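# Report on the structure
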Amino acid sequence: MITGRIPMIDDFLLRAGLAVIALALATAPLGCFVIWRRMAYFGDATAHAAILGVAIAFGFDISVGIGVLVVALGMALSVTALSNRGHAMDGALGALSHSALALGLVAISLIRGVRIDVEAYLFGDILAVTQNDLWVIWLGVLAVPALILWRWQNLLTTTLNTEIARASGINPEREQMVLTIALAIVVALSIKIVGALLISAMLLIPPSAARNFAHTPAGMALLAVGLSMLAGLGGLWLSFSADTPAGPSVVVMAAAIFLFTQLFRRKG
Amino acid sequence: MSLIRAHDISVHHGDFPALEHVSFAIEAGEIVTVVGPNGSGKSTLLRTILGVFEPSKGRIEKKAGLTIGYVPQKLAQDSGLPLTVRGFLSLPKRVSDAQAKAALEETGANGLEQRQISQLSGGQMQRVLLARAILNEPDILILDEPTQGLDQPGAADFYALIEKVRNNHGCAVLLVSHDLHVVMSASDRVLCLNGHICCEGTPTVVRDAPEYRALFGHGTQGTLALYQHEHDHSHDGCDHDHGAHSND
């Protein structure tokens, strides 16, 4: 402990705690927009594509984070392009999202010479977060709320009515692009924490729980951050004490919080 | 100089021509009403002015630095976005409490600041949408079927309000409507649209024009859009049927 490292951060549980706190700062505000704009499919498709990104990263021997970021961004852009083209895209989106996941899983099994722990990417392996990971997660994750805060007024206007946005000189497609990029970043950073299959859950569940108690958009986003942190830390505790997988444990906690808030919801 | 000038614009949705050879200009301070049945290209015209659609031919010229106050028919409903009227008035530009209060008072929506947008009645919503649009003093107010869902007295009140707002602020008004008998009197000029401009002029001139009568029938109320188009000039490349006319 005289190597200059901060001793506390060497503790894997503390690292895991700092990782879920960081993640909450990004998923909760982004998740609010996913709900307000009814883009739940968007999170799923992007997260599923992340597995393909993992396969590509191993296949070409590049960093997993970069591989996932690139493929997630590609998927998010395709989904945006598809959904801008109009209705009845459900089938195409489903096909795109699940084939990316399946293709990724097949590709991973074909890569020779490396043993890849697929489960770690599907369900997260939060207790294995290293100090290096933690720096990357915090830096990347802080970019998301920064991006959303920067565009806040424009994003809200576009969400309410794209024509009001246009009339005010806002380009709705550019604002959508902000969310697309933010989502790709979140997927790339959180795949190790909650896993590809459950990223959507962290985007959707805490904001849904916060929705019933908020009077303003900012209020809903802040409350969602708080609930998301609570779910993350509670899930870690569950995982550590009951030896359950971390990602699903965090989501179970989020679901429990959601159920609890439904009991106390305002009428209407 | 005109605020907005359309030079012979055509707009296509895929292969379908929604607007063909439309030219018009809007001058500062005037109230222009665009009327036409459903599917006549009213909304397309409005969205082309806003920049949602690009004209496939012709161009739209806007005064440099033109500011638009837009009043949509409605907002994204049931999206679960918690938003008070006060918060809505600060989109996209933040305004002070005093400005917000003054705008609500002007449109007759006093005291609604803390109400959730989702809990407003149709009439309150229209007034709040209008209040937001007049903040920041736009050069022109653009309204998309603002009286949809209001009853006749409610619509008449709302048109009177628009006229009052125009007189207070001196902004031009461009209004799209299919409910004409109420709107006509408040307008300086009416454009009668059915894929192209059938006729235009002051309300009385348009009312007496044979094209207008063919398009909307005589003195009917409320069901105007049901009456089919019938006139004597041809449309190249456009195969909608003007023949069916049952009102004569």
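The model shown is predicted, which means the values in this text are computed figures rather than measured ones. (Residues numbered from 1 in each chain as written. Chains lettered and ligands numbered in written order. Predicted model: local features only at pLDDT ≥ 70, side-chain atom pairs only at ≥ 80, totals over all residues.)

This part is about the overall build of chain B. Scanning chain B from N- to C-terminus turns up eight helices and nine strands. Summarising the internal contacts of chain B: among those between residues at least 6 apart in sequence, 66% fall at separations of at least 24. (Helix = DSSP H or I, 4+ residues; strand = E, 2+ residues; numbered from the N terminus. Contact = placed C-beta atoms within 7 Å.)

Before going further, it helps to spend a moment on the overall build of chain A. The number of helices and strands found in chain A is 12 helices and zero strands. Put simply, chain A runs from its N terminus to its C terminus through helices and strands in the order α-α-α-α-α-α-α-α-α-α-α-α. Here chain A has a C-alpha radius of gyration of 18 Å; the compact-globule value for 268 residues is 18 Å, and the two agree. Overall, the C-alpha framework of chain A stretches about 60 × 40 × 35 Å when taken along its three principal axes. Within chain A, the fraction of its 268 residues that count as buried is 50%. When contacts within chain A are restricted to residue pairs at least 6 apart in sequence, long-range pairs at least 24 apart make up 72% of them. (Rg over C-alpha atoms; globule rule 2.2 N^0.38 Å. Buried ≥ 20, exposed ≤ 12 C-beta atoms within 10 Å, placed from the backbone.)

This part takes up the packing of helix H4 (residues 122-134) of chain B against helix H5 (residues 152-169) of chain B. Residue and element names in this part refer to chain B. Running from amino to carboxyl end, H4 crosses H5 at an angle of 15°, the nearest separation of the two axes being 12 Å. It follows from the interaxial angle that H4 and H5 lie roughly parallel. Considering how the two elements wind past one another, H4 and H5 form a crossing that is right-handed. Where H4 abuts H5, its residues Gly123, Gln126, Leu130 and Ile134 lie against Gly154, Phe158, Val165 and His169. The residue inventory of the contact of H4 with H5, partitioned by class, reads four nonpolar, four polar and no charged. (Axes fitted to C-alpha atoms, helices over the stretch in contact; angles between N-to-C directions. Parallel < 35°, antiparallel > 145°, perpendicular 65-115°, else oblique. Left-handed = near helix turned anticlockwise from the far one by under 90°. Nonpolar A, V, L, I, M, F, W, Y, C, P; charged D, E, K, R; others polar.)

Here we come to the sheet that holds strand S8 (residues 189-193) of chain B. All names here are of chain B. On the basis of which strands lie adjacent, the open sheet formed by six strands has the order S5-S6-S7-S3-S8-S9 and mixed pairing. In the strand order of this sheet, the two ends are held by strand S5 (68-71) and strand S9 (197-201), each with one partner. Averaged over neighbouring strand pairs, the angle between their axes works out to 15° when direction is ignored. In the sheet, S5 pairs with strand S6 (residues 140-144) via four bridges, with the strands oriented parallel. Following the sheet pairing, Val71 is matched in S6 by Leu143. Sitting on the sheet, helix H1 (residues 42-50) touches strand S3 (31-35), S5, S6, strand S7 (172-177) and S8, and the angle it makes with S6 is about 145°. (Pairing = 2+ DSSP bridges.)

Where the parts come together, the accessible area they lose is often given as the size of the interface. Counting from both sides, the interface comprises 19 residues of chain B and, opposite them, 23 residues of chain A. Of all the secondary structure elements, the ones that give two or more residues to the side of chain B that touches chain A are H1 and S5 of chain B.

Let's shift gears to the packing of helix H1 (residues 12-36) of chain A against helix H9 (residues 172-190) of chain A. All names here are of chain A. Here H1 crosses H9 at 140°, and the two axes come no closer than 10 Å. Two packed elements cross with a definite hand, and for H1 against H9 that hand is left-handed. Taken together, the residues of H9 that come into contact with H1 (itself represented by Leu23, Ala26, Thr27, Leu30 and Phe33) are Leu179, Ala182, Leu183, Val186 and Ser190. Tallied by class, the residues present in the contact of H1 with H9 amount to eight nonpolar, two polar and no charged.

Turning next to the pairing of S7 of chain B. Residue and element names in this part refer to chain B. Burial within S7 is extensive, with six of its six residues counted as buried. The pairing of S3 with S7 spans five bridges and is parallel. Opposite Thr33, over in S7, you have Leu175 as the bridge partner. Bridging between S6 and S7 involves five bridges; their strand directions are parallel. Bridge assignment links Asp144 to a residue of S7, and that residue is Val176. Viewed along the sheet, the connection from S6 through H5 into S7 turns out right-handed. (Right-handed = clockwise from strand over helix to strand, strands pointing away.)

Take Ala95 of chain A: it is sitting in helix H4 (residues 90-110). On a C-alpha basis, the gap between Ala95 of chain A and Leu73 of chain A in space is 17 Å, while along the polypeptide they are 22 residues apart.

The share of residues in chain B with pLDDT of 70 or more is 84%, and the mean pLDDT across the chain is 82. As scored by the predictor, the complex reaches a pTM of 0.86 and an ipTM of 0.84. (pLDDT = per-residue confidence, 0-100.)

It is worth spelling out helix H10 (residues 199-211) of chain A at this point. A rise of 1.5 Å per residue sets the reference length of H10 of chain A, with its 13 residues, at 18 Å; its end C-alpha atoms lie 19 Å apart and thus fit the reference within 8%. Within H10 of chain A, 13 of the 13 residues are buried, which leaves it mostly tucked inside the rest of the structure. (Expected span 1.5 Å × (residues − 1).)

Quick look at helix H12 (residues 246-263) of chain A now. All names here are of chain A. Along its 18 residues, H12 runs 26 Å from first to last C-alpha, staying within 8% of the 26 Å computed at 1.5 Å per residue. Buried within H12 we find Ala246, Gly247, Ser249, Val250, Val251, Met253, Ala254, Ile257 and Phe258. Here the buried face of H12 lies against H1, helix H5 (118-123), H10 and helix H11 (217-242).

With that settled, the discussion passes to the domain arrangement of chain B. All names here are of chain B. Per the domain assignment, the segments of chain B are domain 1 (1-67 + 139-212) and domain 2 (82-136). On a C-alpha basis, the centres of domain 1 and domain 2 stand 24 Å from each other. The interface is formed by 11 residues belonging to domain 1 together with 10 residues belonging to domain 2. When residues of the side of domain 1 that touches domain 2 are assigned to their parent elements, the largest contribution, six residues, is made by H5. Here the residues of the side of domain 1 that touches domain 2 sort into six nonpolar, five polar and no charged. (Domains from an automatic or database assignment.)

Moving on to the sheet that holds strand S4 (residues 57-62) of chain B. All names here are of chain B. Strand order across the open sheet formed by three strands is S2-S1-S4, with antiparallel pairing between neighbours. The outermost strands of the open sheet, each flanked by one partner alone, are strand S2 (16-26) and S4. Neighbour to neighbour, the strand axes of the sheet diverge by 25° on average, direction disregarded. Two strands pair when backbone bridges link them, and strand S1 (residues 4-13) and S2 are joined in this way by seven bridges, in the antiparallel orientation. Of the residues in S2, the one forming a bridge with His13 is Phe16.

This part takes up unusual backbone geometry. The omega torsion across Leu91 of chain B and Pro92 of chain B is -5°, close enough to zero to call that bond cis. For Pro92 of chain B, the position within the fold is in the loop between helix H2 (85-89) and helix H3 (97-106). If you check the backbone angles, Asp61 of chain A has positive phi at about 55° while not being a glycine. Along the chain, Asp61 of chain A falls in the loop between helix H2 (40-59) and helix H3 (64-84). Taking the number of C-beta atoms within 10 Å as the measure of exposure, Asp61 of chain A has 8 and is therefore exposed. Despite not being glycine, Asp8 of chain B shows a phi value in the positive range, around 45°. Among the structural elements, Asp8 of chain B can be located in strand S1. By the C-beta count within 10 Å, which is 12 here, Asp8 of chain B ends up exposed.

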